[in-house]
Amino acid sequence: MTPRSRAAVTLLVSALLGEASGCAGSRPSASSSASPLLGRARMSIIENGYAAGNRAFSRRDWQSATDGFYRVYSVNSKDDIAVYLAAATWVRAGRPEAAFEWLQRLWQMGSCLTPSAKSFAAIESDPRFKDADAIIRAQAAKEHGAAVAFTVPEKDLVPESIAYDPVEKVFYLSSLWKRKIVRVKPAGPGAPAVTSDFVGEGADSLDAVLGMKVDAKRRRLWAVSAAEPEMKGFTPETYGRSALYEYDLVSKTLVRKITLPGTFTHLLNDLVIDAAGNVYVTDTESGEVHVLKAGDGELKTLVPKGPFVAPNGIALSADGKHLYVADVAQGLFHVDPATGEVQPLDQPAGLFPAGLDGLVLHEGWIIGIMNVVSAGRVARWRLAGDGRALEEGEVLECCHPSFHQPTRGVVADGAFYFIANSQSDAITDGALATEKLEDVVILRLPLSRHNRRP
């Protein structure tokens, strides 16, 4: 998810996106599989608290915003995102004493979130803030599980998503700025990859390219595209234009482009494909989830407006019976692919899946990039046996030195490969500050050592 162009642009998640920086703590918030679930009532408090806090923040109603985040904290005191947001909101309210109180909670939790200069600029000269910041940074993890898999020397790519083809053993990167898709062949650990344009810049009327998935069985690459401020040639009147693209991996040609009927504004963001070839797509702008049934030529709405604020990442169980959607503002939800029924995923007290960008389901675990109020971290939650609750959550990688707005990943050969530095914040008012850019870094995080069940 990019910082300025989502349905929740007026919400807190947009206002604070990328403002936290640094990494602290090798003691990530986690919950034990033996812990009791929070339950429907407390989960409702969390969802409503985040939603209320977001909306109040957008109105600059600081008291109501912090009230919302406090309600979240009151039922899940291990949720460091709520703590960070409360501290940052009190800064904006001109209440440093309250901000310091919440910062103290943050370091006592061993959180991976350190206060950013932007969020806490109003109190950065205060000795108490300097002490708090120093304590949090002193706890910083010294070791990282992720290593550089390969780099892409096309610095101005500004990638958003990564997909993997297990047949040819190649990756695909989508570009926001250049409106294209790049085929990537790794050349060795940490080395520059061999790249070529799979779809050239602006070809097939591509706008910014977001989520992608490979259908290896049918030799297809599916991608969603949307007119975004982070792309070349963006004009305000084009915002809301979005489409689903199907490409043939063999001929490297466009099979079809599918748009939604009507005149509503859309932002197709991410997608997943089931074994039958049905394609499920999140629509962050409209708050809907759509489906393209195999053999159909038209997207149909599976989840209408209402349950979601800003749906983003999406994943599917191997049997096709459980669809999972990450709402940036509210957390993780279960969707019945047959009926569209939406239910929040219950969980024990602990790490809460707010602000997820992209989802991957691997061996019973949901993995996502948390990048809304953090310099970046990879986290995962184990699914309960019925697939409708989370048993535990933990941080796998936190604020790696290569992180610069990390986004989306994919599992390949037992490891999680993800974009470490999308660098989309280098785009301002339609211009890309190329002097600030670095080679694109793809990190590899082995999963085998994490997946041993107790």
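The structure we're discussing is the one just above.
Now for a description of the structure that goes with this document.

Scoring rules and cut-offs
- Residues numbered from 1 in each chain as written.
- Predicted model: local features only at pLDDT ≥ 70, side-chain atom pairs only at ≥ 80, totals over all residues.
- Heavy atoms only, no water.
- Salt bridge = Lys/Arg side-chain N within 4 Å of Asp/Glu carboxyl O.
- Helix = DSSP H or I, 4+ residues; strand = E, 2+ residues; numbered from the N terminus.
- Buried < 20%, exposed > 50% of the residue type's maximum accessible area, 1.4 Å probe, protein only.
- Axes fitted to C-alpha atoms, helices over the stretch in contact; angles between N-to-C directions.
- Parallel < 35°, antiparallel > 145°, perpendicular 65-115°, else oblique.
- Left-handed = near helix turned anticlockwise from the far one by under 90°.
- Contact = heavy atoms within 4.5 Å.
- Nonpolar A, V, L, I, M, F, W, Y, C, P; charged D, E, K, R; others polar.
- Pairing = 2+ DSSP bridges.
- Phe/Tyr/Trp six-rings, centres within 6.5 Å; stacked < 30°, edge-to-face > 60°.
- Expected span 1.5 Å × (residues − 1).
- Polar contact = N/O pair within 3.5 Å; in protein donor to acceptor, adjacent residues only side chain to side chain.
- Lys, Arg positive; Asp, Glu negative; His and termini not counted.

1. Regarding the pattern of salt bridges
Under the counting rule described, the total for this entry stands at 27 salt bridges. Across the pair Arg241 and Asp207 runs a salt bridge, and its minimum N-O distance is 2.7 Å. Here Arg241 is found in the loop between strand 8 (220-226) and strand 9 (242-248), whereas its partner Asp207 is found in the loop between strand 6 (194-199) and strand 7 (208-215), with 34 residues between them in sequence. For Asp207, a relative accessible area of 4% corresponds to the buried category. A salt bridge links Arg408 to Asp270, with the shortest nitrogen-to-oxygen separation between them at 3.0 Å. One end of the pair, Arg408, is in strand 23 (residues 407-412); the other, Asp270, is in strand 11 (residues 268-273), with 138 residues separating them in the sequence. Each member of the pair, Arg408 as well as Asp270, carries the same accessibility label: buried. By sharing partners, the salt bridges in this structure join Glu154, Asp156, Lys178, Lys180 and Asp197 into a single network.

2. Brief notes about the packing of helix 3 (residues 62-75) against helix 4 (residues 80-92)
Interhelical geometry of helix 3 versus helix 4 gives an angle of 160° and a closest axis separation of 9 Å. The angle between helix 3 and helix 4 falls in the class roughly antiparallel. Of the two possible hands of crossing, helix 3 and helix 4 adopt the one that is left-handed. Mapping the contact onto sequence places Trp62, Gln63, Ala65, Thr66, Phe69, Val72 and Tyr73 in helix 3 and Ala82, Val83, Leu85, Ala86, Thr89, Trp90 and Arg92 in helix 4. For the contact of helix 3 with helix 4, the class distribution of residues is 10 nonpolar, 3 polar and 1 charged.

3. Considerations on the sheet that holds strand 8
Overall, antiparallel pairing links the 4 strands, which are arranged 7-8-9-10 in an open sheet. With partners counted over all chains shown, the strands left at the sheet margins are strand 7 and strand 10 (253-258), one partner each. Along the sheet, successive strands turn relative to each other by an average axial angle of 25°, direction set aside. Summarising the sheet, strand 9 and strand 10 pair through 5 bridges and their orientation is antiparallel. Each bridged residue has a counterpart across the sheet, and for Leu244 the counterpart in strand 10 is Ile258.

4. Side note on the environment of Ala52
Relative to the helices and strands, Ala52 resides in helix 2 (residues 40-58). In this structure the C-alpha to C-alpha distance between Ala52 and Phe69, which are 17 residues apart in sequence, comes to 8.3 Å.

5. A look at unusual backbone geometry
Excluding glycine, most residues fall at negative phi; most peptide bonds, likewise, are trans. Not every positive phi belongs to a glycine, and Arg60 is a case in point at roughly 65°. Assessed through its relative accessible area of 60%, Arg60 is described here as exposed. Even without being a glycine, Lys252 presents a positive backbone phi close to 60°. Take Lys252: it is sitting in the loop between strand 9 and strand 10.

6. Let's talk about the packing of aromatic side chains
Aromatic ring pairs are defined here through the distance separating the ring centres and the angle between the ring planes. Under the defined criterion, the tally for this structure stands at 17 aromatic pairs. When the ring of Tyr164 is compared with that of Phe171, the centres are 4.7 Å apart and the planes differ by 45°; the resulting orientation is tilted. Like Tyr164, the residue Phe171 is buried in the burial classification. Judged by centre distance (5.8 Å) and plane angle (75°), the rings of Phe198 and Tyr247 are edge-to-face. Pair noted here: Phe198 is in strand 6 and Tyr247 is in strand 9, with a separation of 49 residues, a long-range link.

7. Section: helix 4
The first and last C-alpha atoms of helix 4 sit 19 Å apart over 13 residues, in line with the 18 Å expected at 1.5 Å per residue. Counting buried positions along helix 4 yields 12 of 13 residues, so the element is predominantly enclosed. Looking at helix 4, one finds that the buried residues are Asp80, Ile81, Ala82, Val83, Tyr84, Leu85, Ala86, Ala87, Ala88, Thr89, Trp90 and Val91. Its side-chain oxygen 3.1 Å from the backbone nitrogen of Ile81, Asp79 forms the N-cap of helix 4. A positive backbone phi angle near 75° is found at Gly94, which sits one or two residues after helix 4.

8. Points about the sheet that holds strand 2 (residues 159-165)
Pairing is antiparallel across the open sheet formed by 4 strands, whose spatial order is 2-3-4-6. Looking at which strands have only one partner, the edges of the open sheet turn out to be strand 2 and strand 6. Ignoring which end each strand starts from, the neighbouring axes of this sheet average 25° apart. When strand 2 meets strand 3 (residues 170-175), the two strands line up antiparallel, connected through 5 bridges. Paired with Tyr164 across the two strands is Phe171, which belongs to strand 3.

9. Things to note about the pairing of strand 15 (residues 311-316)
It is a general feature of regular strands that their side chains alternate between the two faces of the sheet. Of all 6 residues in strand 15, 6 are buried, a share of seventy percent or more. Pairing between strand 15 and strand 16 (residues 323-327): 4 bridges, direction antiparallel. Across the sheet, Leu316 pairs through a bridge with Leu323, a residue of strand 16. Between strand 15 and strand 16, which pair antiparallel and follow one another directly, the connecting turn spans 6 residues, one of which, Gly320, has a positive phi of 75°.

10. Let's talk about the side chain of Glu288
The topology assignment puts Glu288 in strand 13 (residues 288-292). Although buried, Glu288 forms no salt bridge, and the nearest oppositely charged side chain, Lys305, lies 4.7 Å from it. Only 2.8 Å separates the side chain of Glu288 from the side chain of Ser286, close enough to count as a polar contact. Beyond its immediate stretch of four places on either side in the chain, Glu288 contacts His266, Val281, Thr282, Asp283, Thr301, Val303, Pro304, Lys305 and Pro311.

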